Each structure stands twice: as structure tokens, then as C-alpha cells.
Amino acid sequence: MGRKITRRDFLDGVAVTAAGVAAAAVLPGAAHAAPAAHGRGRDDPNAPYPPTQNGLRGQQPGSYDVAHAVRDGSFEAGAITDVHEPYDLVVVGGGLSGLAAAYLYRKQAGPSARVLVLDALDDFGGHARRNEFHVGRTLLLSNGGTVNIDTPSTWSSQARDLLTKDLGVDLKALEATVKSNAYAPYSLRTATLFTAERWGKDQLVAKEPGESWASYVTKLPMSEASRAALVRLRTTTEDFYPGLTDAQKKEILARTPYETYLREKVGLDDDALETVKRSTNGLWGVNVDHVAAADAWATGQPGFDGLGLTDDPWPGAGFTPLMQLKETPEDGNFYFPEGNAAIARLLVSKLVPDAFDVRRPDWREIVTAKADYSTLDKPGNRVRIRLSSTVFDVRNHGRNGVTVTYSNSGRSYRVKAKGAVMACWNSVSSYVVPELPAEQVTAMRYGVKVPLVYARVALKDWRPFAAARVSRVSTPSGFFSSFGLPTVTEIGDFTMPHRPELPTVVSLTATPNSPGLTCREQHKAGRRKLIRMPFEDFEREIRDSMARSLTDYGFDPARDITAITINRWAHGYAYEYNSLDDPALFLPESERPYAKARRPVGRIAIANSDSGAFAYTHSAFDAAYRAVSDLL
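Quantities reported herein were computed from a predicted structural model and do not represent experimental measurements.

Enquirer: Would you explain the packing of aromatic side chains in this entry?
Expert: The geometry of an aromatic ring pair is captured by two quantities: the separation of the ring centres and the angle between the planes. On inspection of all chains with the given rule, the structure shows 23 aromatic pairs. When the centroid spacing of 4.7 Å and the interplanar angle of 55° are considered together, the rings of Phe75 and Phe392 count as tilted. Linking Phe75 in the loop between helix H2 (65-72) and strand E2 (80-82) with Phe392 in strand E10 (residues 389-396), this pair joins segments that are 317 residues apart in sequence. Phe392 gets classed as buried once you look at its relative accessible area, which sits at 10%. Between Tyr575 and Tyr577 the ring centres are 5.7 Å apart and the planes differ by 50°, which places this aromatic pair in the tilted class. Residue Tyr575 is classed as buried on the basis of its relative accessible area of 5%. Residue Tyr577 is classed as buried on the basis of its relative accessible area of 4%. One aromatic cluster in this structure is built from Phe319, Tyr446, Tyr575, Tyr577, Tyr594, Phe614 and Tyr616.

Next comes the structure, spelled out in C-alpha cells:
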């Protein structure tokens, strides 16, 4: 160490338990010590460039200190300096919802409108984070957060127009940039790592393309009964509820945890369940113990083929399941190499015209355009984006204005505007907007963000993957759920390398949770775990998983890893209601906490995907439209 791409695809592991550390993962140094690229701005070409920063990123240490102090009642603002800059709007939060709100406000109010965007992080985009690596002369890109443009056929006309008309993204052309057959010459497979602690010895088991489940399970280190159960899970056509109507079956499934269904109906035992219990993590951040069987069916989980269910909605259906049931043939694989960070960059290019070295870059050019961070908060800009600025007080000022007070570099500032959009997550708003009614505060604190880790590892080459003939490995007994090679795209001047002798970036994912608790309590437990984990613990887990899987094929962590970026999102996805834990999902929308939480207070409007309880880009856009409409 001294030396169709969907959200589910990137979080598709099968188990999370504490794993021992392989001998190959001894920690004498730090792999993230590779030098970061520079060029943050024209005024200081040697300043750090956020997309290339390695180590612990996302909600990095220090970015949440002020917010936590405000929550705990221990924050001391000290002397507050009034900022004498006239603004029509202050946006609190520079994620997709906040950037969209800034853009939409100016679109309606006119190009002379002045907007200030404040964000606590040191990069714009929120969870739409770009990870950029330079291995020699090779540029590697990956998403550090939100992944893809999901199911646009279901988007509101306003959200779709913002993406395709205002930002100019050609979805059909974007889909063509994904080269789904790039790895075909190497006959790669998916595999699962069975570790010695759980199964007696470390064993990497791969499933051949087209191989039957009956053949595949014979390789698994478990009993014949467990193997038969897994075959049954994948192939059963039995109707476990004979004589019941479609609606009656869905009513039962909506009240039944998927794990209970798997055990009682399909017959999975502990060993069989171990290999699939993390399969729901990518969408909800919890195991099969706390996902409704109905939602599991609607999102393509196995075991339901004999029930004869229709695509009709049912009481208590989750938003993601309903969205996926509405998919149409036009809903393809819409994916940028840096994920939806490209959309954030396009929004910034509209707000700050000279923010990139390509003036007004289009959706192809934005991928390789270099941001000039020194322009984001330049005096004279109609829109200023002020990073590393944590807002701690927002209140109405008279009938037609607001004051927003924030902390930057240990000093406090106050700015006035005609209105404010709270595009940070709801729990933050509940602490910093003192005029909120008690009922709204309670509603805002109901949802708990899903904790996530997107780790990105730059390798000098991927020959060991080619030797093992694997593209993705699930790690049932590790902290990380899985790791794998990137999707290959060719867009503008960028091409993701895809020959084994060339560098690549490997993605690892984790959603720490505590099975047995309610979803919200699991998310709280996972958040506490992530906040306490130092970078070295993440790195140890990365090296352990990859070394156990690929050492026999020539992988050496100390030699092959050139850099590591840990995108830690202790407050990750917006909380999505489910029929097991959230009775409000059976009520009219106006009576649900998220709907109560988004009510404007005077000249303060509420945005963010929290306000729709739906963790998707189009939900963030819809929230921005709603918030701007509340002010104009």
C-alpha cells in the first residue's frame, strides 16, 4: 500500500457481514497517496481540482461539522458579516434539485435575475458526483453517486423538457454511446466469492453465460437441499396462492417481507438465503428482510413467475416498483461515464457561462470539459455558486424577502434575497428554518436518508479480471457488496479503455444496514457506521475483497491499485416509503409526511428529492419546478 446500467447494477451484492482481513491486505501505507490533478482555477492553477481528489470524499470529514453542531444545539455563529450583494434568490444546496431550481427561476424571472447557490460540500452536484482519475496519460471517469437516467418515459413533461430541450441531451444518441459488447472478446462472466469464514475456504464461483441454474448450483459450497432451493427460486412456476385474485395476492405480498416469502413459499434455508439476501440493496439499501414481497416482484426479483400477476398498481406499492412496471421499449440504457454528474455540469454551464474551458459545452463535450472552479463565485456573475458554505439559519425578512446565514471557513455571513429555495435534505431544513410549524418539522424528520458507499479504484490494468474471465464479483461476506469493471462508453472525445492491458476503474458498492430493524432505523445505524469509518478501513475492505477473489489470477493490490476514491454518502438516497414500515403510504398523498414537509413558509420554498420521497433525478427536477412555482 506504500506504492443497462441501473442503480441496482451498481449495488447488486448479496450480503454484508464483517469479513476477516486477508494476508494480502496488510496496511503499511495508503493507496490514495497518488498525486491528484490540479488546475482548479485560472487564478490558482495549482489548487486542488475536486473531481480528481482521492481518499475519503462524498460527504467528506469536516463538511458536516457545522450542520451537526446546529442539530446538537452547540453551534456558535460568532460575529456575522452582512454580505452586501443583491439577490433575487438564494438556493440552499447545490445538488441537481438546487441547480435546477436556480436555472428554472432565471428562466421564468428573466436573465437579469441574480441567484446565489450555497452548498456545504467542496464540489457542486450533490450526490451527482464526478470521479476522475489520470493513470499515466489515460483519463478514467466514473460516477461517485447517482448513476443513470432512469425510465424517462415516466418523467413529467417539465422534467423531461429540462433534460432534453433546455440541456439538449439527445437520449437516443446518448444510448448509442454505451458499447454493450465491448468486453465480448474476453468471454467474461459474473462470479461470487464464498469466503473461508462462512464457507470453509475462499472460493470464487462463476456462472457461465447461458448456463442453467441446475448446472451452476452444483459448484456452490452448500448442501443439496440449499442448491435445490436456489434452483427452485430461479425456475419455479408454482402459484403459491391458488384461488386468489390478482388484487388479493398483491395485498398479501405488500404485507409480507420478501425474506418471509423466500423462506415460507420458495423454501430457501439460511445458506441459500445468504447468496441472495443483499439483492434488494441497490434500490432500498436494506436486505430482503425489510422489502415487501410485492415491491420485490415488481422490480424483477425472482420467485414469482407462477403467480400470474398483472402490472396493475396496488395499495401500498412503492414508487420505484410502480415506475419500473411502467417501463416502455424507449426506456433504454441512458448513461454518462461519470453518471448524472454530467447533468449537474450541464446545468452549471447554463448558470455560469465561463465555468468550463468549452463555452456552453453540449452533452457530448461536457464529459471532457474541464471546470474552472474560480469562476463559480466570481463577482459580477448573475449566478454565483459558493461552495464549502453551510447554511445554519434561514428566515423570512418582512413580507417580501428572506435572510440566509451561513458559515464559510469558520466565519459567518448573512445575505438577503427576495426568496429562498431549500434544496438541501429535509432534516437539515427542519433545523435551520426556525419559522417552520411543529407539524412540518416532524414531517421533515420522518424520512431517513439511505447510507451508501461508492468506492472507485483505479488500476494500472485489468489483466487479472481477464485471466479469471470475470467482469463483476459479488462478495457475500464482505463489507462491500460487489466489485466490477466499468461500463464502456464512447462519447465526444472520451473512450473508456477496455483492453486488459490498459488502465481501468473498478466500482465497489456498499449499503451498511442492520437487518431486523425498520428501514429508517437501519439507515440510522448505517449512517453512524459510515461516519465513524476512517479511510483505512474502507481501503482494507477493498484490498481484502479483491485480493481474495483475484490473487490466484495475478492480482496484487500493492502493485495494481494506483488510486482510491471513497464516495461516502452517510446521507444518501432520499427515503422511499414502503408498505411494511410506512402506514402513510396507504393514505392520500396530501396526508403523507413528505407532502406536508414541502409546504412553503412565506418566501421560503422546499425542493430536493426528499420532498417527493423518491431518489431519482426526475424527482429532484420536479421538486425544483414546484419550489420555483411557489415563489413566482
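Enquirer: I would appreciate a short explanation of the pairing of strand E18 (residues 504-510) in the present structure.
Expert: For a regular strand, the rule is simple: side chains alternate between the two faces of the sheet. Counting buried positions along E18 gives 7 out of 7 residues, so the element sits mostly inside the fold. Residues Thr504, Val506, Leu508 and Ala510 of E18 are buried on one face, and the alternating residues Val505, Ser507 and Thr509, pointing to the opposite face, are buried as well. Two strands pair when backbone bridges link them, and strand E13 (residues 450-459) and E18 are joined in this way by 7 bridges, in the antiparallel orientation. Its bridge partner being in E18, Tyr454 is matched across the sheet by Thr509. Direction of pairing for strand E15 (residues 482-484) relative to E18: antiparallel, over a ladder of 3 bridges. Bridging across to E18, Gly484 finds its partner in Ser507.

Enquirer: Before we go on, may I ask you to explain the nonpolar core in this structure?
Expert: Nonpolar side chains in soluble globular proteins tend to be buried together. Of all hydrophobic cores here, the largest spans 106 residues; its most connected members are Phe336, Val421 and Phe465. When near neighbours in sequence (up to four residues on either side) are disregarded, Phe465 contacts Leu188, Leu459, Val470, Ser471, Phe483, Leu485, Val506, Met546 and Leu550. Val217, Leu262, Ala294 and Met323 belong to the second largest nonpolar core, which has 51 residues in total.

Rules of the game
Residues numbered from 1 in each chain as written. Predicted model: local features only at pLDDT ≥ 70, side-chain atom pairs only at ≥ 80, totals over all residues. Heavy atoms only, no water. Phe/Tyr/Trp six-rings, centres within 6.5 Å; stacked < 30°, edge-to-face > 60°. Helix = DSSP H or I, 4+ residues; strand = E, 2+ residues; numbered from the N terminus. Buried < 20%, exposed > 50% of the residue type's maximum accessible area, 1.4 Å probe, protein only. Pairing = 2+ DSSP bridges. Core = buried A, V, L, I, M, F, W, Y, C linked by side-chain atoms within 4.5 Å. Contact = heavy atoms within 4.5 Å.

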